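So you can see what is in the structure, the chains are spelled out below.
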Amino acid sequence: MPTIFSKIIAREIPSEIVYQDDQVTAFKDIHPLAPVHILIVPNIEIPSVNDVKPEQESMLGHMFIVAKQIAAEQGIAQSGYRLLINSGDDAGQEVYHLHMHLVGGHNLGPLLTKHH
Ligand code: 5GP
């Protein structure tokens, strides 16, 4: 099922695209949770990590190379940043088109709150 991200990738709806090539697209999150909050998204529709295939390994690795480049461009390579991928309901995945969050620009605090 196509999601809103496919329309963003196809530039059918507006977004602030910061990077695009034949494999991935990166654009600013519409509701940023940090001074820098960018989503790095495969151009093909992969719903979640559960759906990745071995033949996509190179494209998935490419997402890290793009993340590193964007972190440098955004000026947060040295100050630090976090890469996050939510998968499924317990992680709060909202958009079922695989995406890596790149967040940074201030101290992000602990990864998770304590389980109780
Ligand atoms: P998830 O919870 O699925 O890991 O994250 C989905 C993210 O997509 C959220 O941070 C949300 O703000 C962002 N998002 C949802 N719809 C849009 C949209 O139409 N445009 C942009 N730029 N971001 C979106």
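Bear in mind the structure is a predicted one, so any value in this text is a computation, not a measurement.

Trainee: Is there a simple way to think about the sheet that holds strand E2 (residues 24-28) in this case?
Mentor: The pairing of strands in a sheet comes from backbone hydrogen bonds and takes either a parallel or an antiparallel form. As summarised here, the arrangement of the five strands in space is E1-E2-E3-E5-E4, forming an open sheet in which the pairing is antiparallel. Two strands in the sheet have a free side with no partner beyond their single neighbour: strand E1 (17-20) and strand E4 (81-84). Pairs of neighbouring strands in the sheet enclose a mean axial angle of 15°, with direction left out of account. Strand direction decides the pairing type here: strand E3 (residues 36-42) and strand E5 (residues 100-104), joined by five bridges, are antiparallel.

Trainee: Can you walk me through the nonpolar core in this structure?
Mentor: Soluble, globular proteins show a tendency: their nonpolar side chains are buried together. Grouped together as the largest cluster of nonpolar side chains are 17 residues, with contacts concentrated most on Ile38, Ile40, Met59, Met63, Ile70 and Leu102. Secondary-structure elements contributing two or more residues to this core are E2, E3, helix H2 (57-73) and E5. Tallying contributions element by element places H2 first for this core, with seven residues. Beyond its immediate stretch of four places on either side in the chain, Met63 contacts Val24, Ile40, Pro42 and Met100. Core analysis: the next-biggest nonpolar cluster, separate from the first, contains seven residues, Ile8, Leu39, Val41 and Val95 among them.

Trainee: How should I be thinking about the pattern of salt bridges in this particular structure?
Mentor: Inspection of the entire model under this criterion finds one salt bridge. Lys28 is paired through a salt bridge with Glu16; the nearest N and O atoms lie 3.5 Å apart. Separated by twelve residues along the polypeptide, Lys28 in strand E2 and Glu16 in the loop between helix H1 (4-9) and E1 bring together distant segments of the chain. Its relative accessible area of 36% is what places Lys28 among the partly exposed residues.

Trainee: Sorry, what's going on with the side chain of Asp29 here?
Mentor: In this fold, Asp29 is placed in the loop between E2 and E3. One buried charged side chain, Asp29, makes no salt bridge at all; its nearest oppositely charged neighbour is Lys28, positioned 12 Å away. Polar side-chain contacts of Asp29 include one of 2.9 Å to the backbone nitrogen of His31. If sequence neighbours within four positions are ignored, Asp29 has contacts with His37, Ile38, Leu39 and His101.

Trainee: What is the right way to read H2 from this model?
Mentor: The periodicity of an α-helix, 3.6 residues per turn, causes residues three or four places apart in sequence to face the same way. Relative to the 24 Å expected for 17 residues at 1.5 Å per residue, H2 spans 25 Å between its end C-alpha atoms, a close match to the ideal helical length. Every buried residue of H2 is accounted for by Met59, Leu60, His62, Met63, Val66, Ala67, Ile70 and Ala71. Looking at the buried positions of H2, the neighbouring elements they touch are E1, E2, E3, E4 and E5.

Definitions and cut-offs
- Residues numbered from 1 in each chain as written.
- Predicted model: local features only at pLDDT ≥ 70, side-chain atom pairs only at ≥ 80, totals over all residues.
- Heavy atoms only, no water.
- Pairing = 2+ DSSP bridges.
- Helix = DSSP H or I, 4+ residues; strand = E, 2+ residues; numbered from the N terminus.
- Axes fitted to C-alpha atoms, helices over the stretch in contact; angles between N-to-C directions.
- Core = buried A, V, L, I, M, F, W, Y, C linked by side-chain atoms within 4.5 Å.
- Buried < 20%, exposed > 50% of the residue type's maximum accessible area, 1.4 Å probe, protein only.
- Contact = heavy atoms within 4.5 Å.
- Salt bridge = Lys/Arg side-chain N within 4 Å of Asp/Glu carboxyl O.
- Lys, Arg positive; Asp, Glu negative; His and termini not counted.
- Polar contact = N/O pair within 3.5 Å; in protein donor to acceptor, adjacent residues only side chain to side chain.
- Expected span 1.5 Å × (residues − 1).

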